[in-house]
Amino acid sequence: MLDQIRSLPHQAGIYQYLDEKGRILYIGKAKNLSKRVKSYFNLTPTLSPKMTLSLRIQKMLSETVGLHYIIVENEHDALILENSLIKQLKPKYNILLRDDKTYPYLYVDMEEPYPRFELTRKIIKGKGVRYFGPFSVGARDILDSLYELLKLVQKKSCLKGKKGCLFYQMEQCLAPCEFPIPRETYLPMVMQGIEWIQNKRRLIKQLETKMEFYSESLRFEEALVLRDRIERISKSELTSQIDMASNENYDVFAIAMNETRACILRLFIRGGKVASSTHDFLPLSLSFSLDEAYERTLIGFYGNEKPPIIAPILTAHPFESREWVHEHLTALFGKKASIETPQRGGKKELIDLALTNAHELLRTQQPSNESLLYTLQELFKLEILPRRIEIFDNSHFGGTATVGAMVVYDNGHFDKKGYRTFHLHVRDEYGQMSEMLRRRIEGFADNPPPDLWVLDGGETLRALAVDLLKSHGIHLDVIAISKEKIDAKAHRAKGSARDILHTDEETLRLESTDKRLQFVQMLRDEAHRSAITFHKKSKLKLDQHSKLLSTHGISQAKIHKLLEYYGTFEAIAKSDFETLRELIGAKDAKNIQNCYQEEISK
């Protein structure tokens, strides 16, 4: 390794530190690989970490036995590659941030004859376009409220008609499609909508008035809808007494910490007022770095697409890679980015506001199952606390409608938005799990890996998952749960089954009353439920297609032959005549094409 460090090129790139098992410990970037990596080590008389480094870095280097590097064109490419690889490979000493989604904006095009509000995550072309946001929550609720309270054109397609539609009859639209409504009459409603977006307390007051009307009219279901909507809109608002005395826009990022976790708070100031905020929690560990947390937060938030509103960026703390991030955002924005850490004045007040709220959020109670997760970490000898877990199961019936399901458990609850289902093409259970896990690994670039994988199966499937992850350079803890067998049959008695847990180091047989076993069983059962539900839907669809083809004279044997070749009925429907003819003959090929053509024409 010493010779490798001495011969490193003086070029931009990324470097990876490896442990004795070949697992990636850390991924970093450098304008000059040789200078950067050498800055970590004393090269004489023997290779050793510099004592001036932080304890975190010294601990990492003490585990390092190997080095890989990749040369790139410039620093910008190094930053992008580093961020991508960290998300996919999840090194032990890098920070993994999950909240890199784009937030929606509301916009209105004032150049249109009858402007209307819409949602967007991208820039809309037009000189008269005005944006509002971004919104962490409640964007759709605000939009729905505007159309419920104001008689705006409800749908873009409405203006194409020539007669007032149902919205006009319900007194929710002035129907400019049919009646000559002067623009001067229409625009005040648009301006009222803009005022409510910018001052959500006034919008909420209007909704509360309407909710009371519904309640007094005994329209309780409609009142409940408005109650829930008001609650979601309120969550997007962080109250502040700060008066910027200007119409400035700022994106504020602050990170606060206590003994166990950090809170990342994003605060969006629009027109001198707090527009919305969002936050995430990160566990504190040896791998935590405040510098890296700011870098990953900014790169993750802005992504690779120019935002509709470009605002100066304020950070509560200076961070090491500020210059890198500044260059990246300047290229992304198409103009010089602004990143500063203010020390006084109104901007400093915004930083203080963000930090105060971040510290307040840290006081909120952590998930009630935190102690259980620590016992799982100890029992299974996991490297990190399994706050986010992905659980896999598959289902089929006689080899047909073969599907897989992945469910997600995150910080004390099942994350339904993170669930995934898979149509699988392999017949055997080993191949099905392999196909599903491969497809999940391919998605790590967009959806980073969790803290733990749980598989419904035995040690063979667990070993399969570990091998697949290793082949992609990813280290991720994996356990499996298989059913206890009595007289060679799986014991499924709910509440009393002593299912077997397979870990990296041992096989565990816990008592059925053990909370740790019951927790993993709960995870497995949810994955099983999801797989069965998706299988039933797929089987019903298969049966419908199969019946359709059978009525056109296609035998079950030929249907199975086609499915083995194409995989899905949708692919069969889109197939060309020549391929079908080679598989099942000209007559049946023609029948199939006629069959699906009739369906389309219905």
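Residues numbered from 1 in each chain as written. Predicted model: local features only at pLDDT ≥ 70, side-chain atom pairs only at ≥ 80, totals over all residues. Heavy atoms only, no water.

Chemist: Which residues make up the packing of aromatic side chains, and what values go with them?
Modeler: A complete count under the given rule lists 21 aromatic pairs for this structure. Both rings, one in Y107 and one in Y131, keep their centres 6.4 Å apart while their planes meet at 45 degrees; by these two values the pair is tilted. Placement of Y107 in strand β6 (residues 105-109) and of Y131 in strand β8 (residues 129-132) is noted, with a sequence separation of 24 residues between them. Accessibility expressed as a relative area gives 9% for Y107, which makes it buried. Each ring, one from Y114 and one from Y186, has its centre 5.2 Å from the other, and the planes form 80 degrees; the classification is edge-to-face. (Phe/Tyr/Trp six-rings, centres within 6.5 Å; stacked < 30°, edge-to-face > 60°. Helix = DSSP H or I, 4+ residues; strand = E, 2+ residues; numbered from the N terminus. Buried < 20%, exposed > 50% of the residue type's maximum accessible area, 1.4 Å probe, protein only.)

Chemist: Tell me about the pairing of strand β11 (residues 273-283), residues and numbers included.
Modeler: As paired elements, strand β10 (residues 261-270) and β11 share 10 bridges and run antiparallel to each other. Each bridged residue has a counterpart across the sheet, and for R261 the counterpart in β11 is P283. If you look at the hairpin formed by β10 and β11, you'll find 2 residues sitting between the two strands, and G271 has a positive phi there, around 60 degrees. (Pairing = 2+ DSSP bridges.)

Chemist: Give me unusual backbone geometry: which residues, what numbers.
Modeler: Backbone torsion omega between T44 and P45 reads -5 degrees, so that peptide bond is classified as cis. Looking at the element boundaries, P45 is found in the loop between β3 (41-42) and β4 (48-49). Residue P134 follows G133 across a cis peptide bond; omega there is 5 degrees. Along the chain, P134 falls in the loop between β8 and α5 (139-149). Residue K381 is not a glycine yet carries a positive backbone phi of 55 degrees.

Chemist: Pulling in residues and values, what's your account of the environment of A589?
Modeler: Looking at where A589 falls in the secondary structure, it is placed in helix α20 (residues 586-601). For A589 and M189, which are 400 residues apart along the polypeptide, the C-alpha to C-alpha distance reads 59 Å.

Chemist: Tell me about the packing of α5 against helix α7 (residues 183-198), residues and numbers included.
Modeler: Packing of α5 against α7 brings their axes to within 11 Å, and their N-to-C directions diverge by 145 degrees. Seen along the crossing, α5 lies across α7 with a hand that is right-handed. Side by side, α5 and α7 meet where I142, L146 and L149 of the first sit next to G193, W196 and I197 of the second. Per-class residue counts for the contact of α5 with α7 are 5 nonpolar, 1 polar and no charged. (Axes fitted to C-alpha atoms, helices over the stretch in contact; angles between N-to-C directions. Left-handed = near helix turned anticlockwise from the far one by under 90°. Contact = heavy atoms within 4.5 Å. Nonpolar A, V, L, I, M, F, W, Y, C, P; charged D, E, K, R; others polar.)

Chemist: Tell me about the pattern of salt bridges, residues and numbers included.
Modeler: In total, this model carries 36 salt bridges according to the counting rule given. Across the pair K381 and E506 runs a salt bridge whose closest N-O atoms are separated by 3.5 Å. Of this pair, K381 sits in the loop between α13 (370-380) and β14 (388-397) while E506 sits in the loop between β22 (500-502) and β23 (507-509), and the two are 125 residues apart along the sequence. Classification of K381 as partly exposed rests on a relative accessible area of 46%. (Salt bridge = Lys/Arg side-chain N within 4 Å of Asp/Glu carboxyl O.)

Chemist: Tell me about the sheet that holds β11, and name the residues and values.
Modeler: Reading across the sheet, the 5 strands line up as β11-β10-β9-β12-β13 and stay open at both edges, with mixed pairing between neighbours. Single-partner strands in this sheet number two, and they are β11 and β13 (339-340). Across 3 bridges, strand β9 (residues 250-257) lies against strand β12 (residues 313-315) in parallel orientation. Bridging from a neighbouring strand, D251 pairs with I313 of β12. Sitting on the sheet, helix α10 (residues 290-302) is in contact with β9, β10 and β12, with an inclination near 145 degrees to β9. Together, β9, β10, β11, β12 and β13 form the strand contacts of helix α12 (residues 345-362), whose direction differs from that of β10 by roughly 140 degrees.

Chemist: Which residues make up helix α19 (residues 577-584), and what are the values?
Modeler: Among the residues making up α19, those that are buried are T579, L580, L583 and I584. Taken around the axis of α19, the buried residues stretch over an arc of 100 degrees, which confines them to a single face. The N-capping residue of α19, defined by a side-chain oxygen 3.3 Å from the backbone nitrogen of E578, is D576. G585 sits one or two positions beyond α19 and adopts a positive phi of about 100 degrees. (Arc of directions from axis to C-beta. Polar contact = N/O pair within 3.5 Å; in protein donor to acceptor, adjacent residues only side chain to side chain.)

Chemist: Could you give an account of the packing of helix α4 (residues 75-89) against α10, naming the residues involved and the relevant values?
Modeler: For the pair α4 and α10, interaxial distance at closest approach is 11 Å and the crossing angle is 95 degrees. As the angle between them shows, α4 and α10 are arranged roughly perpendicular. Along its contact with α4, which presents L79, E82, N83, I86 and K87, the element α10 presents E292, E295, R296 and I299. The residue makeup of the contact of α4 with α10, split by class, is 3 nonpolar, 1 polar and 5 charged. (Parallel < 35°, antiparallel > 145°, perpendicular 65-115°, else oblique.)

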